[in-house]
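# Survey of secondary and tertiary structure
Chain by chain, the residues:
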Amino acid sequence: MEHGVHPKGITMLKLLWMAVAVTLLGMPLLADAGEEFLPEFTNVNSRFVVESVNVDGPKSHSISAALRSEIDQVVGSNLDHSRLDKLADRMKKELHVSDVKVSVAKGTLPDEVTVNFEVTKDKEHGFDLSVPKFLYDSKQGWSGEGSATTRIHGNAFTFGLVSDGDALAERFAGIKAIYERKEVGTKRLGLRFEFDGFHEQWNRATLLDADPYDIYRTRQVFTPEARLVLFQPLELDFGVRFARYRLSTPGAITESSNAVVTTLRYHQRWGSDSQGSNSKQDTDDWRQEAEGSYSLDSATHVFNSDPAYTRQTVEAHYKVRHGHNRVSLAFLAGRISGIAPLFDRFVLGNASTLRGWNKFDLDPLGGSKVVHGTLEYGYHWFEAFYDTGAIWDRTQDREQKQSLGTGVKTKDGFELAVAFPVRNGHAAPVFIAGMNF
Amino acid sequence: MQTIKPWWLLVAFLSGMAVALGTGELILSLRDNRLELSAPKLHFLSGQPLARLHNAAEVPFAIQVTLYSGNKTHVFRQTQQRCVFSFDLWEEKFSVAKLTSARERTSHLSDRDAEQWCLNTTFDINGLSTAEPLWAQVDVRLEDAPRNGRLLSGSVSESGVSLTNGLTSLVEIFSRPPQSGQTHWSLTYDRFTLADLRRTGRGS
């Protein structure tokens, strides 16, 4: 006789097990549903759908694409005030403004609401002191620039003192006076007038190589410029630069280099700039920044310029940050057609290009053609970099140089680095310390 | 000898009235073995909290009602609760959620009704003698809603008084004096007895 279970018995058993399973599995789900009930119903407005989101106020056009996308995602979702507050906080950090106010109002259709983020205007600081450049290079000595700015009703007046042995073939020291208005009638147009008056000092290597008529003792530059925002993130600077320089030759002749100056600039950021925040979400964020520019300066006899030349420069800079890791890539290429005065010639081998090399060893007069690239990696304060580039006048003189370096760099931009030129034979390191914005 | 002028007395009287009206009053009534407390003149939905509500935000208040017996340090009965108010932008009415284990909620109220719905409290007074000296006190404190994250996500405990995610527990809140700048209200009903309430017609 076969022993078996009646088919009906199996079905009953299965049903019993299913009932037990459903009860056991369902209980926590039901309990969870109960816990979820409260948050959704504490705000009666959470049932309304966001009809539109608007961002108003100064700097509102500078919001990164990633944050703008998140703001746009609010449209069509149910109102969640804490989400809006969080977005406002991120806007505050990214735009560096004192406050972003969130306003919610009835929409045009029933059960819909509109959201407005208002970026508050930053209180104008009456008086600012800044040090845009302060650095020591063990081969080129100290360079520094300090300025004081006062702002009155949207007008900024800056007066600065500078002594720079880093940026050009010469050391120039003197004053800068700048008037700037960032908005003239419209947010898209700004104006800037700069006057510089410098005395020059020359390195022995430069004096030995240069024609006496290339060397000048003083230089005054006046640059009226306008900035036009074509469309975000593309800007165009255009203006004229009037430069007068007194030659060192007997008789002290004064020459002029007057040029039309134009720069097309692109600057874009992705991801949230949450520096200073320590939350896990912030450290998990990818933040990228790209900057590129093309400059064309053309000195012509039409403006009574003694030398006639054209100077073209392409610069690109890409930065990416993830957590405490940061990588930076920079590229520079330039070309001068015609004979430019020494202050307009390209220089490599300073605190930002071919670090470790001495600019007077590379080309004591500067070059009319340049290519340069930089790769930097940083983790927390640590940084390591690789520079490569070439500077030349004649094609046969073109020679690629490289350098390596390491050091520390703080969030505020203070850098302490040691850089080595990569070459055969003895490589003397160069120490660089300071801030160079 | 200096005399007090009558108009000074009038000013003092009016000032006292203004203070009394401003802070409201605590009303007690006795029904069977239950003591009912209400504060119809205490209005905390005003100023900045009201502005936040009109901006569709939710605003939490911590409310504590205490009945002392024997002396003013012996707590006979006490309730603590967190009431979260919101203002319906379209219907222009208030909603309140009591974050207790009972999870009560009401809506379509005026501002006054919403306040009273949270403030009205009933205590069981079984075991109290009619001659026992009593004190009653109501404390209301505005809480800052956390800006990052949901107000109450995963934060309601069984007792309904311990909200740890984003909001401080009620026990912790009322164990210390109001922080400087924290908006708060306090009403006290000074020494009374159940016999007093019955004598003045506020008891049955």
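Cut-off values and rules
- Residues numbered from 1 in each chain as written.
- Chains lettered and ligands numbered in written order.
- Predicted model: local features only at pLDDT ≥ 70, side-chain atom pairs only at ≥ 80, totals over all residues.
- Helix = DSSP H or I, 4+ residues; strand = E, 2+ residues; numbered from the N terminus.
- Buried ≥ 20, exposed ≤ 12 C-beta atoms within 10 Å, placed from the backbone.
- Contact = placed C-beta atoms within 7 Å.
- Pairing = 2+ DSSP bridges.
- Axes fitted to C-alpha atoms, helices over the stretch in contact; angles between N-to-C directions.
- Parallel < 35°, antiparallel > 145°, perpendicular 65-115°, else oblique.
- Left-handed = near helix turned anticlockwise from the far one by under 90°.
- Nonpolar A, V, L, I, M, F, W, Y, C, P; charged D, E, K, R; others polar.
- Core = buried A, V, L, I, M, F, W, Y, C linked by C-beta atoms within 7 Å.

Glancing now at the overall build of chain B. Looking only at helices and strands, chain B has 5 helices and 9 strands in total. Written out in order from the N terminus, the α and β elements of chain B read α-β-β-α-β-β-β-β-α-β-β-α-β-α. Looking at chain B as a whole, 28% of its 204 residues qualify as buried. Across chain B, every contact between residues at least 6 apart in sequence was considered, and the portion connecting residues at least 24 apart equals 63%.

Scanning chain A from terminus to terminus reveals 6 helices and 19 strands. Across the 437 residues of chain A, 24% fall into the buried class. Across chain A, the fraction of contacts at a sequence separation of at least 24, relative to all contacts at a separation of at least 6, is 54%.

Residue and element names in this part refer to chain B. Strand order in the open sheet formed by 3 strands is β1-β2-β7, with antiparallel pairing between adjacent strands. Of all the strands in the sheet, just β1 (27–31) and β7 (121–124) have a single pairing partner and so form its edges. Each strand of the sheet is rotated relative to its neighbour by a mean of 25°, with strand direction disregarded.

Attention now moves to the packing of helix α2 (residues 65–72) of chain A against helix α3 (residues 81–95) of chain A. Residue and element names in this part refer to chain A. Relative orientation of the contacting elements α2 and α3 amounts to 160°, with a least axis distance of 11 Å. For the element pair α2 / α3, the angle class is roughly antiparallel. At the point where α2 passes α3, the crossing takes the left-handed sense. In this structure, α2 contributes L67, E70 and I71 to the contact, and α3 contributes L87, R90, M91 and E94. Among the residues forming the contact of α2 with α3, the class breakdown is 4 nonpolar, no polar and 3 charged.

Counting 55 residues, the largest nonpolar core has M91 and V113 of chain A together with F61, I63, F85, V96 and V138 of chain B as the members making the most contacts within it. When residues of this core are assigned to their parent elements, the largest contribution, 6 residues, is made by strand β3 (residues 59–69) of chain B. With near-sequence residues (within four places) excluded, V138 of chain B lies in contact with L26, L37, A39, V65, L119 and L187 of chain B. A169, L342, V347 and L348 of chain A belong to the second-largest nonpolar core, a separate cluster that totals 11 residues.

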